[in-house]
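# A look at the structure
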Amino acid sequence: MAHSKLSDARKRIVSAGLLSLLLTVATPVLAQQAAQPAKPDNKSTHLTAPVKVTSIEGITEYRLANGLRVLLFPDQSKPTVTVNVTYLVGSRYEGYGETGMAHLLEHLMFKGTRKNPDISKQFNQRGARWNGTTSLDRTNYFETVPASPDNLKWAIELEADRMVGSNISAKDLASEMTVVRNEYERGENSPSGVLYKRMRSVAFDWHNYQHSPIGNRSDIENVAIDNLQAFYRRYYQPDNAVLLVAGQFDSPAVLRLIVNSFGKIPKPARVLPPLWTVEPTQDGERTFSVRRAGNIQIVMLSYKIPSVLHADAIALSHAATILGSAPNGRLYKLLVETNKAVSVSAGTDDSVDPGLMTLMATVTEGESLEDVQRLLIDAVESFYRTPPTDDEIARVRVLREKSFDQTMSAPESLGIMLSEFIAAGDWRLWFYQHDRGKTVTPADVARVAQIYFRRDNRTVGRFFPTSEPERALIPTAPPVAEVLKDFAPVQNTVVGEAFEPSPANIEARTKRYTLANGMKVALLSKKTRGETVNVSLRSHYGDEQSRFGKSMLENAAAEMLTRGTTRYTRSQLADEFDKLKVSASIGLGNAWMQTTKPNLVKALELAAHVMREPAFPQTELDQLRKQWITGLESDRSEPAALSGEALGKHFNVYERGDPRHYRSRAESIEDLNAITVDKLRQIHRDFIGFSNAEIAVVGDFDEAVVRATLDKLFATWTSALAFKRIEEPYRAVAPVNRTIETPDKENAVFRAQMLIEIREDDADFPALTLANYIFGGGAGLNARMAKRIRGKEGLSYGASTSLSISNVDRRGTFSASATAAPQNIPKLETIFREELDSARRDGFTAEELSNAKSGLLASRRQGRAQDGFVASYWLERLYRDETFLKAAEMDAKLEAVTLNALNVAFRKYIDPDKLAIVKAGDFAKTAGSRAAGK
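Within any chain, residue numbers begin from 1 and follow the written order of that chain's sequence. Only residues with pLDDT of at least 70 get local features here, since the model is predicted, and only at 80 or more are side-chain atom pairs given and counted; chain-wide, interface and lining totals rely on the full set of residues. The side-chain figures draw on all heavy atoms in the structure; neither hydrogens nor water molecules are used.

This brings us to the packing of helix H29 (residues 784-792) against helix H30 (residues 825-842). Throughout, an axis means a line fitted to C-alpha atoms (over the contacting stretch in the case of helices), and angles, computed between N-to-C directions, take values from 0 to 180 degrees. Strands here are runs of E lasting at least two residues and helices are runs of H or I lasting at least four, both read from the DSSP assignment and numbered beginning at the N terminus. Packing of H29 against H30 brings their axes to within 10 Å, and their N-to-C directions diverge by 145°. Crossing of H29 against H30: the hand is right-handed. Mapping the contact onto sequence places Arg784, Met785, Arg788 and Ile789 in H29 and Leu828, Ile831, Phe832, Glu834, Glu835, Ser838 and Ala839 in H30. In this count, Pro and Cys sit with the nonpolar residues alongside Ala, Val, Leu, Ile, Met, Phe, Trp and Tyr, while Asp, Glu, Lys and Arg are called charged and the others, Gly among them, polar. Here the contact of H29 with H30 is built from residues that sort into six nonpolar, one polar and four charged. For a crossing to be left-handed, the near helix must be turned anticlockwise from the far one by less than a right angle; the clockwise case is right-handed. By definition, residues are in contact when any of their heavy atoms lie within 4.5 Å.

This next bit is on the pattern of salt bridges. Whenever Lys or Arg places a side-chain nitrogen within 4 Å of a carboxyl oxygen from Asp or Glu, that contact is recorded as a salt bridge. Using the criterion set out here, one finds 76 salt bridges in the structure. Here Glu185 and Arg217 are joined by a salt bridge, their closest N and O atoms 3.1 Å apart. Placement of Glu185 in helix H6 (residues 170-188) and of Arg217 in helix H8 (residues 217-222) is noted, with a sequence separation of 32 residues between them. Between Asp578 and Lys402 there is a salt bridge; the shortest N-O distance is 3.1 Å.

Turning our eyes to something else, we now look at the packing of aromatic side chains. Working definition: a ring pair exists when centres of Phe, Tyr or Trp rings (six-membered ring for Trp) sit within 6.5 Å. Plane angles under 30 degrees give stacked, over 60 give edge-to-face, the rest tilted. As enumerated under the stated definition, the model contains 29 aromatic pairs in all. With a centroid separation of 5.9 Å and an interplanar angle of 80°, the aromatic rings of Phe404 and Phe431 are classed as edge-to-face. Taken as a pair, Phe404 in helix H14 (residues 390-408) and Phe431 in helix H16 (residues 428-436) lie far apart in primary sequence, 27 residues in all. An angle of 75° between the planes, with centres 4.8 Å apart, marks the rings of Phe690 and Trp717 as edge-to-face. Here Phe690, found in the loop between helix H26 (677-687) and strand S18 (693-699), pairs with Trp717, found in the loop between helix H27 (703-714) and strand S19 (736-741); they are 27 residues apart in sequence, far enough to count as distant. Using a relative accessible area of 0% as the deciding quantity, one classes Phe690 as buried. Residue classification places Trp717 among the buried positions, given a relative accessible area of 6%. Among the aromatic residues, those joined into a cluster by ring pairs are Tyr87, Phe110, Phe123, Trp130, Tyr141, Trp154, Tyr232 and Tyr236. The aromatic ring of Phe204 is capped on one face by Lys304, whose charged end is 5.4 Å from the ring centroid. Lysine and arginine charges are scored as sitting over a ring when NZ or CZ, respectively, is within 6 Å of the ring centre and within 35 degrees of the ring normal. The ring of Tyr797 carries Arg790 above its face, with NZ or CZ at 5.1 Å from the centroid. Note on classification: 1.4 Å probe, protein chains only; a residue is buried when its accessible area is under 20% of the maximum for its type, exposed when over 50%, partly exposed between these limits.

So, on to the nonpolar core. Among the nonpolar cores identified, the biggest contains 55 residues, and Met611, Leu680, Leu710 and Phe714 are the most heavily contacted of them. Setting aside chain neighbours within four positions, we find Met611 in contact with Leu537, Leu561, Ile586, Gly587, Gly589, Asn590, His684, Ile688, Phe690, Phe714 and Trp717. Ranked by size, the runner-up nonpolar core spans 53 residues in total, among them Ile119, Leu152, Val180 and Ile220. We call a set of buried Ala, Val, Leu, Ile, Met, Phe, Trp, Tyr and Cys residues a nonpolar core when their side-chain atoms join them within 4.5 Å.

The subject of this paragraph is the confidence of the model for the protein. Chain-level pLDDT for the protein is 90 on average; 93% of the residues reach the 70-or-more range. How sure the predictor is of each residue is captured by pLDDT, a score from 0 to 100. Model confidence for the protein, summarised as mean pLDDT per element, is weakest for helix H2 (residues 16-24) at 32 and strongest for strand S14 (residues 520-525) at 98. Segment residues 4-45: pLDDT under 50, and 160 contacts once partners within four positions in sequence are set aside and those in other chains are kept. This model gives residues 461-466 a pLDDT under 50, and the stretch forms 14 contacts once residues within four places in sequence are excluded.

Next up, the structure:
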């Protein structure tokens with residue numbers, strides 16, 4: 001559950017820095033009238049047939065008599081189905097003292113109804129992927145399940161039930177409030193997140209966009225259950241919601257299900273209160289400062305911009321991309337390539353009312369923030385004098401097209417994407433903006449830059465009076481009907497085949513063979529929506545001796561491959577990948593790629609070129625070194641980083657230089673400073689090669705063409721050095737219980753870890769996997785740790801365990817982690833130990849085992865429905881000379897686990913006396929508060 005997922009295509013093509021910030025902190029609202037219960041309108045209760053409204057790109061809209069809008073997006077290429085409900089209410093609708101209420105209500109919607117008292121258990125049983133998100137103007141809920149009539153009926157009926165039947169009880173609020181408060185505390189640990197929340201509060205005087213959806217701490221702690229219930233009854237109604245069903249299903253059958261479930265809900269008689277606050281024109285630059293513990297500096301700018309419905313919005317999003325993207329953006333070249341800043345980013349709100357365009361630069365501690373601020377402001381506010389080039393506009397179009405195609409092929413992403421535009425007035429706006437984006441010119445971008453990027457429309461923090469104001473009047477947006485009146489989208493839908501993702505079918509459809517140099521190949525050709533195809537490649541190189549002392553060099557060489565080759569600069573290389581619609585991660589002989597059938601051959605050729613002919617530019621190495629060191633230094637006071645490093649050091653048994661050695665932060669910085677271009681070139685010469693390698697291609701492609709391409713690119717590419725796998729056997733490590741102080745951090749971290757002597761092919765592995773799933777490693781909110789620590793006690797936003805077991809070495813790791821306020825960590829540790837003791841003493845139940853089998857097996861089946869997962873899974877099977885039927889064998893072993901075997905395995909391997917425990921937080925401040933009687 002998250003409080004802001006601003007996931008518009010334009011934001012995703014800008015820069016990861018600002019996006020991470022926007023996902024951490026969110027946005028705000030307006031006052032509202034007292035809520036009144038919805039009164040049934042008997043005239044609307046008849047189950048009349050839905051009315052078809054419109055259809056675009058395979059998505060068809062229907063309208064029910066009670067006002068519910070329904071979007072159906074059938075896609076037979078993947079055996080999953082996503083049900084997404086968007087409610088047209090977000091943090092903008094909250095009243096005084098109610099900030100964070102929309103997000104808090106989102107959490108309570110998972111607490112159950114009278115008919116469905118344990119929703120998280122049902123999600124677990126069906127192996128569902130699920131979540132809810134709250135933003136400025138809307139809230140959405142979704143679940144993705146394996147496609148079947150039963151699963152689809154369950155999902156639709158569940159959403160209809162909790163639309164008007166959720167409990168929203170005082171008991172649930174009491175426990176969930178503290179969970180949300182801990183989520184708030186987690187955000188308070190982020191320097192950029194805190195800065196962005198302050199930015200919104202300073203930039204807006206009156207509009208509720210001044211508040212982050214996470215809300216104010218005191219409002220979260222004190223909101224009355226009556227207010228939440230009234231808010232729920234008012235806005236969670238069919239006439240204020242849009243239902244999206246996407247995936248493999250039969251449209252007429254689904255419509256019948258929707259009519260029989262949602263159609264029974266009466267259309268409410270109440271009238272939603274209007275929101276009339278309009279933010280006044282800003283009349284001068286604003287400045288502010290945040291001073292907190294941390295190791296990096298940040299400068300952030302914001303400018304008021306029009307509603308997403310206004311014609312200027314699309315050109316403004318182009319401006320954000322041209323300025324803030326990496327590595328081709330203007331700010332990146334101005335500040336990062338000159339080593340004045342570590343990173344830059346930019347993004348726009350896509351809100352119903354006028355919002356913000358925000359830009360950010362991160363600067364190393366000790367360097368001049370004032371110089372960066374001056375350069376940043378000048379670059380933005382003089383942007384209109386140097387309009388975008390044709391190449392810059394073309395690059396934005398390529399990025400937008402790539403993002404559009406990827407979203408259309410991912411139902412969960414599509415649901416969240418359309419939710420933003422549903423909140424703006426109509427889901428078709430996304431397609432409208434996609435088409436309009438193709439016509440934006442350099443002159444359009446320069447014009448909006450001159451209008452809105454002005455001194456008196458800027459928020460940095462400080463106020464200066466002036467006799468020559470340069471105000472930007474934010475125009476009124478036209479009605480959505482006027483915006484769309486002449487919109488005639490091009491219909492171009494490419495569908496995929498109905499593919500059964502069973503291990504037997506995957507094995508039968510896959511062609512395997514070996515290239516002349518020993519490289520193993522798996523090809524699985526099938527029709528996919530959008531002609532997508534996934535490629536996974538992995539090579540094995542060196543041995544313990546040849547790789548000694550070279551771990552950081554290997555990491556840096558891998559990262560440097562895409563920072564320039566003998567043919568392309570880093571910027572040009574990024575352009576080439578974008579033109580080919582490639583999402584990729586390329587390392588030292590390893591690669592993952594997703595592209596489309598028409599681009600596959602060129603994408604493979606480009607990836608091979610990147611791995612074969614890197615240039616290792618000195619300027620890029622300097623930037624990389626600085627970025628990595630800044631990142632390491634910025635973690636020096638973070639509880640999560642310090643606790644993780646403490647455990648890494650504790651379990652390390654290898655000397656420095658050994659590839660298995662855990663590098664501390666200080667060692668990593670020392671190793672980074674020792675890297676040279678010559679050393680990187682030597683690493684590349686020694687280790688790049690494919691004599692011991694695997695590649696898998698899964699998706700829409702011509703098998704003969706791909707065979708010829710792989711033979712041309714890799715068949716003669718041999719490895720310079722012999723390969724021998726580096727073993728990592730089990731070694732006993734003594735327990736420890738350690739506390740680390742992290743001053744001025746409101747959120748603390750608890751970690752526990754132990755080593756276990758087991759391997760994946762051991763008889764106990766399936767039982768231990770299921771036991772961990774039940775205890776904390778897969779059952780989500782229905783796991784024992786989450787049910788106790790989050791659900792019952794309300795101490796933590798997240799509490800979970802993980803189990804990592806090798807398929808070659810007899811060495812595994814069991815670990816647990818949770819976050820909480822520092823004063824709650826002792827109680828959290830006590831509860832964790834109590835739950836461990838209870839599981840070992842009393843065992844798990846037959847019901848828990850049944851639910852775990854159902855959920856885990858469904859999750860495994862759903863994973864095999866993802867082409868990227870299948871490609872990656874094939875690499876391990878090729879390496880071990882196994883078939884895909886290995887997955888079916890493991891499914892059968894999991895299904896065969898008995899309750900006795902489950903409990904015996906947990907008691908045998910999970911020993912509380914062997915745990916290493918590390919806690920990091922501001923415990924001294926908590927102790928001081930208690931001593932002072934606070």
